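Breakdown of the fold
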Protein chains: 2
Amino acid sequence: MQLKVEQTRLAEELDALGKTSEAPPPVVTRVVFTEADVRGREFVKRLCREAGLTIREDPVGNTFARWEGSDANLAPVGTGSHIDAIPNAGRFDGTVGVLGGLEAIRALQRAGYHPRRSIELLIFTSEEPTRFGIGCLGSRLLSGLLDPSAGDRLKDRDGISLNEARASAGFSGCLSTVPLPSGYYAAFAELHIEQGPILEQRQVPLGVVTAIAAPASLKIQIEGEGGHAGAVLMPGRRDAFLAAAEIALAVESAALSTGAIDTVGTVGICEVFPGAVNSIPSRARIEVDVRDIEQTRRDTVLQQIADACERIAAKRNVRVHSELVNSDPPAQCAPAVVDALVHACEKHKLPFDRMISRAYHDSLFMSRISPTAMLFIPSRGGVSHRPDEYSSPEAITQGVLVLAEALAHLSS
Amino acid sequence: MQLKVEQTRLAEELDALGKTSEAPPPVVTRVVFTEADVRGREFVKRLCREAGLTIREDPVGNTFARWEGSDANLAPVGTGSHIDAIPNAGRFDGTVGVLGGLEAIRALQRAGYHPRRSIELLIFTSEEPTRFGIGCLGSRLLSGLLDPSAGDRLKDRDGISLNEARASAGFSGCLSTVPLPSGYYAAFAELHIEQGPILEQRQVPLGVVTAIAAPASLKIQIEGEGGHAGAVLMPGRRDAFLAAAEIALAVESAALSTGAIDTVGTVGICEVFPGAVNSIPSRARIEVDVRDIEQTRRDTVLQQIADACERIAAKRNVRVHSELVNSDPPAQCAPAVVDALVHACEKHKLPFDRMISRAYHDSLFMSRISPTAMLFIPSRGGVSHRPDEYSSPEAITQGVLVLAEALAHLSS
């Protein structure tokens with residue numbers, strides 16, 4: 001079998017999808033169920049149909065493009081990723097796994113390969129937590145890790161429910177029909193950019209992911225007391241923003257305190273109310289993200305943050321309400337899928353490292369119902385979630401080649 | 001002369017003006033040159049016309065309602081305040097000085113008083129810095145403390161210039177015609193709520209202001225580096241929000257470090273970019289307000305904040321750009337106007353304290369061109385710039401009575 005990736009065509013398709021954005025290039029903003037997201041989905045589905053794939057969509061918008069295998073009774077093999085993008089993001093996060101996955105299928109078709117098991121390309125809904133505050137919405141529901149009735153209760157910041165938003169994008173039906181049975185897929189492999197600097201630093205073109213870090217996120221509301229910035233004296237103040245500032249610094253300290261390089265803690269959102277230069281902030285809201293590859297260590301960090309909230313609330317006489325939005329266990333990848341990727345690298349004489357994914361992926365949830373692994377390609381400067389996120393066409397081609405080879409192995 | 005304040009009528013007028021808001025009651029949001037501000041101005045001007053006052057408006061929207069005195073050659077006496085309100089404010093800040101000033105004039109009219117000097121009620125444009133980032137816009141221009149060409153360059157957050165905004169509210173003409181000559185007013189007296197807790201705590205109904213604190217404000221931009229909250233490890237981070245958090249805490253420390261109760265420092269605005277829970281903040285923007293009744297002490301605080309910015313920028317490897325938006329000297333009130341207020345209190349057997357205004361007022365700028373003083377009434381709980389801001393009708397009546405008595409003395 002002679003596998004050949006059409007590098008220029010794939011780069012053009014990534015470019016076209018990148019321009020399907022709420023913001024002008026090079027900025028990609030493609031929040032789930034917005035008009036840009038819907039246009040992006042249409043673009044990918046058209047390419048899938050051109051490749052002869054059959055499309056199914058579930059009520060939450062997870063999209064399955066199927067290349068029928070010769071034995072329809074066998075569990076299929078899955079690949080894919082997401083196309084939604086946070087505000088002010090780049091062109092490669094998620095999309096490389098979707099359009100690269102499609103190109104892997106096309107390369108197999110061009111090589112005259114006929115799969116025994118069907119191969120399904122998945123586009124997961126809302127891997128990014130931007131709109132509904134919870135990441136991997138589609139794969140969480142698919143894997144049964146998010147209760148459909150909890151999905152029914154989700155709302156965005158404007159009060160639009162998940163059910164209203166998905167209906168506006170053309171997805172109807174009951175969320176309870178989304179979960180797939182365990183073992184639905186024989187294997188699942190996701191191609192993705194690393195979003196970190198390790199492969200580039202080591203000058204290794206590929207990373208075979210053996211475990212996915214355990215993410216947790218918190219929403220913290222602080223209620224203090226407002227007042228005139230000139231008239232209320234310092235000793236009597238109950239400034240909600242200063243409490244938020246201390247909590248944010250405590251998140252950093254807690255993440256550093258484990259001494260482990262794999263522990264990270266971030267405050268990515270801070271809102272201050274009323275937000276006037278001459279008003280003491282009466283309320284503040286922050287959102288916190290904590291990850292580690294070891295769950296107990298991560299949970300120690302969460303406990304330290306909770307302790308800091310309590311200490312700061314008492315010291316500043318403010319009320320702090322902390323809500324644990326999600327706290328997922330880490331995933332170990334399946335040896336069979338890891339091996340398929342390793343063998344594919346070896347067959348094409350491409351160096352690789354076994355590595356850990358510190359970022360959050362749909363594979364974390366797919367691993368609950370299917371043998372799962374991931375394949376990483378280098379990110380320039382380790383940069384992601386930014387307009388200058390970049391992976392070279394050559395790097396993407398190597399990833400697609402290895403993915404195609406592994407899919408052939410797993411589906412044969 | 002028998003002075004009598006129509007307490008119920010004034011309370012109803014304050015209530016009606018409070019309902020002229022962009023937000024539903026009890027919230028008052030009346031940002032300069034918005035539709036609510038324009039409606040508020042129309043309401044007050046109608047009441048002024050009903051009292052027989054002659055109205056003049058200058059190009060920036062400062063409004064002068066004149067009760068003609070018997071000797072038109074003499075410099076008039078001024079009173080008044082502002083009606084614009086920050087987002088989520090209350091009903092009494094500024095409006096007590098405008099509608100209370102009008103009621104003082106009406107009380108003098110009802111008592112059969114005829115002024116020798118004309119008495120002018122002023123409604124200053126944009127005492128609040130909400131829209132154009134600079135407080136006391138109208139009185140700064142009137143007093144010549146803000147260069148008209150600098151006014152021409154002001155823009156709001158949406159890029160709308162001051163000149164476009166004032167035109168949309170019906171105010172045209174060149175800003176260079178706004179400044180009044182020094183000595184234009186023989187005296188200026190502003191009635192205002194205290195916006196602090198002192199009068200209430202001391203159970204004293206009136207405060208005669210002898211000095212106004214010196215405000216300064218800063219806009220601080222922080223540029224770090226974004227990235228994925230899971231993938232970028234802690235040691236390599238250049239988190240702009242954590243730098244902002246440290247600067248905010250440094251503002252608090254600097255304000256406390258003087259050991260003087262009159263030093264205050266506040267960070268009322270913090271914006272984080274891109275603002276996603278799984279993205280490291282690449283940029284942050286804060287706005288800082290520092291005040292003191294002693295200019296040198298306040299400038300020491302500003303220097304400490306500048307030093308902290310430099311130290312934090314170096315430590316976190318971020319760029320910090322700090323812009324001094326304004327830095328005004330404190331004002332000493334004029335003995336003649338202070339005396340007029342003191343004598344009015346004594347005449348009506350109302351206890352008073354001499355005090356300092358820590359809040360920013362149009363009187364700070366009027367004091368540059370006119371002998372100026374202020375009269376404070378108690379604020380319940382010291383609360384201001386909030387919907388629950390409150391001064392009782394009885395307290396307001398006492399303020400109006402003393403103001404009317406002092407205006408009679410100053411205009412006779």
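Being a predicted model, the structure only gives us computed values, none of them experimental.

Turning to the domain arrangement of chain A, a few remarks are in order. Often, the extent of an interface is quoted as the loss of accessible area upon association of its parts. Residue and element names in this part refer to chain A. You can read the domains of chain A as domain 1 (7–213 + 330–411) and domain 2 (214–327). Summarising the inter-unit geometry, the C-alpha centres of domain 1 and domain 2 are found 33 Å apart. Each partner contributes residues to the interface: domain 1 has 11 residues there, and domain 2 has 13 residues. Both sides together, the interface formed by domain 1 and domain 2 hides about 1,100 Å², and carbon and sulfur atoms give 56% of it. Between domain 1 and domain 2 we count two salt bridges in total. The closest approach of N and O atoms between arginine 358 and aspartate 262, which form a salt bridge, is 2.2 Å. Across the contact surface, domain 1 and domain 2 share two residue pairs in polar contact (both at pLDDT 80 or more). For the side of domain 1 that touches domain 2, the class distribution of residues is seven nonpolar, one polar and three charged.

Residues and elements named next belong to chain B. One pass over the full model with this rule turns up 10 aromatic pairs over all chains. Summarising the aromatic geometry, the rings of tryptophan 67 and tyrosine 113 are spaced 6.3 Å apart at their centres and angled 70° between planes, so their arrangement reads as edge-to-face. On the criterion of sequence distance, the pair formed by tryptophan 67 in strand 3 (residues 63–67) and tyrosine 113 in the loop between helix 3 (95–110) and strand 6 (119–124) is long-range, its members being 46 residues apart. When sorted by exposure, tryptophan 67 lands in the same class as tyrosine 113, which is buried. Between phenylalanine 124 and phenylalanine 188, the ring centres sit 5.7 Å apart and the planes meet at 70°, which makes this aromatic pair edge-to-face. Separated by 64 residues along the polypeptide, phenylalanine 124 in strand 6 and phenylalanine 188 in strand 7 (residues 187–193) bring together distant segments of the chain.

Residues and elements named next belong to chain A. Across the five residues of strand 3 (residues 63–67), five count as buried, placing the element largely inside the fold. Alternating positions in strand 3 separate into two faces, Thr63, Ala65 and Trp67 on one and Phe64 and Arg66 on the other, with burial throughout. Two elements, strand 2 (residues 54–57) and strand 3, share four bridges in a ladder whose sense is antiparallel. Residue pairing for strand 3: threonine 54 is matched across the bridge by arginine 66. In this structure, the hairpin formed by strand 2 and strand 3 is closed by a connection of five residues, where glycine 61 is found at a positive phi of approximately 95°. Summarising the sheet, strand 3 and strand 6 (residues 119–124) pair through five bridges and their orientation is antiparallel. Its bridge partner being in strand 6, alanine 65 is matched across the sheet by leucine 121.

Side chains of residues three or four places apart in an α-helix project in the same direction, reflecting 3.6 residues per turn. Residue and element names in this part refer to chain A. Between the first and last C-alpha of helix 3 (residues 95–110) there are 22 Å, a value that for 16 residues agrees with the 22 Å anticipated at 1.5 Å per step. Burial analysis of helix 3 places 14 of its 16 residues in the buried class, the great majority of the element. Looking at the residues trailing helix 3, positive phi occurs at glycine 112, about 80°.

Quick look at the interface of chain A and chain B now. Counting residues at the interface gives 63 residues for chain A and 63 residues for chain B. Taken over both partners, the interface formed by chain A and chain B buries close to 5,100 Å², and the fraction arising from carbon and sulfur atoms is 65%. Per-residue buried area on chain A facing chain B is highest for His228, Met234 and Val277 of chain A; these three make up 13% of the total on that side. Between the two partners, chain A and chain B, sit four salt bridges. Along the contact surface separating chain A from chain B lie 16 residue pairs in polar contact (both at pLDDT 80 or more). Elements supplying a minimum of two residues to the side of chain A that touches chain B: strand 5 (85–89), strand 10 (227–228), helix 8 (240–257), strand 11 (264–273), strand 12 (279–280) and strand 13 (283–292) of chain A. Taken together, the residues of the side of chain A that touches chain B sort by class into 33 nonpolar, 17 polar and 13 charged.

Residues and elements named next belong to chain A. Turning to its location among the elements, serine 282 is positioned in the loop between strand 12 and strand 13. Relative accessible area serves as the criterion here: at 14%, serine 282 is assigned to the buried category. With residues near it in sequence (within four places) discarded, serine 282 still touches Ile222, Glu223, Gly224, Glu225, Gly226, Ala240, Phe273 and Pro274.

Conventions and cut-offs
Residues numbered from 1 in each chain as written. Chains lettered and ligands numbered in written order. Predicted model: local features only at pLDDT ≥ 70, side-chain atom pairs only at ≥ 80, totals over all residues. Heavy atoms only, no water. Domains from an automatic or database assignment. Contact = heavy atoms within 4.5 Å. Buried area = accessible area lost by both parts, 1.4 Å probe. Salt bridge = Lys/Arg side-chain N within 4 Å of Asp/Glu carboxyl O. Polar contact = N/O pair within 3.5 Å; in protein donor to acceptor, adjacent residues only side chain to side chain. Nonpolar A, V, L, I, M, F, W, Y, C, P; charged D, E, K, R; others polar. Phe/Tyr/Trp six-rings, centres within 6.5 Å; stacked < 30°, edge-to-face > 60°. Helix = DSSP H or I, 4+ residues; strand = E, 2+ residues; numbered from the N terminus. Buried < 20%, exposed > 50% of the residue type's maximum accessible area, 1.4 Å probe, protein only. Pairing = 2+ DSSP bridges. Expected span 1.5 Å × (residues − 1).

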